[in-house]
Structure formats: C-alpha cells, structure tokens
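Structural characterization, general
These are the residues of each chain, in order.
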Amino acid sequence: MSRRRPGQLETEIMTVLGEADRPMTPGEVRDRLDPSGELSYSTVVTTLTRLYEKGSASRHRDGRAFRYGAPHGPAGLVADRMTRLLSDEADRASVLRRFVGNLDATDEQLLRDLLSE
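First, a word on scope: everything that follows refers to the structure included in this document. (Residues numbered from 1 in each chain as written. Predicted model: local features only at pLDDT ≥ 70, side-chain atom pairs only at ≥ 80, totals over all residues. Heavy atoms only, no water.)

**Brief notes about the overall build of the chain**
- Helix and strand content of the chain: six helices and two strands.
- In the chain, the succession of α and β elements from N to C terminus is α-α-α-β-β-α-α-α.
- For the chain, whose C-alpha radius of gyration is 17 Å, the value lies well above the compact-globule estimate of 13 Å for 117 residues.
- Oriented by its inertia axes, the alpha-carbon framework of the chain measures out at about 45 × 30 × 30 Å.
- The 117 residues of the chain split such that 24% are buried.
- For the chain, restricting intrachain contacts to residue pairs at least 6 apart in sequence, the fraction spanning at least 24 positions comes to 49%.
- Counting every atom, the chain has about 8200 Å² of accessible surface; 51% of that belongs to carbon and sulfur.
- Treating the 18 positive side-chain charges of the chain as one cloud and the 19 negative ones as another, the clouds have centres 6 Å apart. (Helix = DSSP H or I, 4+ residues; strand = E, 2+ residues; numbered from the N terminus. Rg over C-alpha atoms; globule rule 2.2 N^0.38 Å. Buried < 20%, exposed > 50% of the residue type's maximum accessible area, 1.4 Å probe, protein only. Contact = heavy atoms within 4.5 Å. Areas by Shrake-Rupley, 256 points an atom, 1.4 Å probe, with all protein chains shown as cover. Lys, Arg positive; Asp, Glu negative; His and termini not counted. Charge placed at Lys NZ, Arg CZ, Asp CG, Glu CD.)

Dropping the structure here:
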C-alpha cells in the first residue's frame, strides 16, 4: 500500500461513509477501503475518532462498538478544514481576498451565486 497524502485517509473515509446507506463500524469502513486488510484497524478507529471530535462525522453506540456516519460528506470535511484554517488567521480579509483572487472564473461565479442566495 502506498503512502497517503496528509488528509487523504480522512477524505477516503468520509467518502465511504457518505456513500453508505447506514452508519458503519470501523471494521466495515476498513473492509470497504482496503479489502486486502493491509490498512490497520487501529488507524481507521483513530481517524474516525478524530473526525468525530472535529464534528465531521457522527457517532452512536451499537452494542460494544460505535457506528459512524457522514452528516455532511467529503464536502463538509473540506469546508470544516477551510473554516479551521481561516479561524487561525488574524487577517481574515487578506486570506479571503487571496483565496477569491486564486479562483478560476467558473468557481468565482459559483461563489458569487452562493453569496447572493
């Protein structure tokens, strides 16, 4: 198994949870992500716990295990990351100005449309 980019496993897990028709146990998530079994169960549990603690995943107890869901899917995970990054910066106006300035024309128009809703 090749090394993942930072945040890639979180995104993959959120995609699996978002595509599922019901909340999943860590074992089910691991089996869906890596049927070969090379991905560590504890890595999946740790990542799911972190996603839950960040508010990106939902969790409820089912017997002795937890089941996890994706209330906002992968897009919610990216939006949460963007919000956290922005909150770490004192000069938000400069960050947002630069962000908007780096958008292509299609994304800029989409942002304008969303802001006018």
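Don't stop here, the text continues.
**A few points about the side chain of R67**
- With respect to the secondary-structure elements, R67 resides in strand β2 (residues 65-69).
- Given the relative accessible area of 17%, R67 is considered buried.
- From its side chain, R67 meets the backbone oxygen of P23 in a polar contact 3.0 Å long.
- Within the structure, the side chain of R67 is placed 2.6 Å from the side chain of D62, a separation counted as a polar contact.
- Contacts of R67, omitting those with residues within four sequence positions, involve R22, P23, M24, T25, E28, S58, R59, H60 and D62. (Polar contact = N/O pair within 3.5 Å; in protein donor to acceptor, adjacent residues only side chain to side chain.)

**Section: the nonpolar core**
- Of all hydrophobic cores here, the largest spans 16 residues; its most connected members are I13, M14, L17, V29 and L48.
- The element contributing the most residues to this core is helix α1 (residues 8-19), with five residues.
- Residues contacting L17, with those up to four places away along its chain left out, are M24, V29, L48, Y68, G69 and A70. (Core = buried A, V, L, I, M, F, W, Y, C linked by side-chain atoms within 4.5 Å.)

**A short note on the packing of aromatic side chains**
- One pass over the full model with this rule turns up one aromatic pair.
- Above the face of the Y52 ring, R59 is positioned so that its terminal group lies 4.0 Å from the ring centre.
- The positively charged end of R59 is found above the aromatic ring belonging to F66, 4.0 Å away from the centroid. (Phe/Tyr/Trp six-rings, centres within 6.5 Å; stacked < 30°, edge-to-face > 60°. Lys NZ or Arg CZ within 6 Å of the ring centre and 35° of its normal.)

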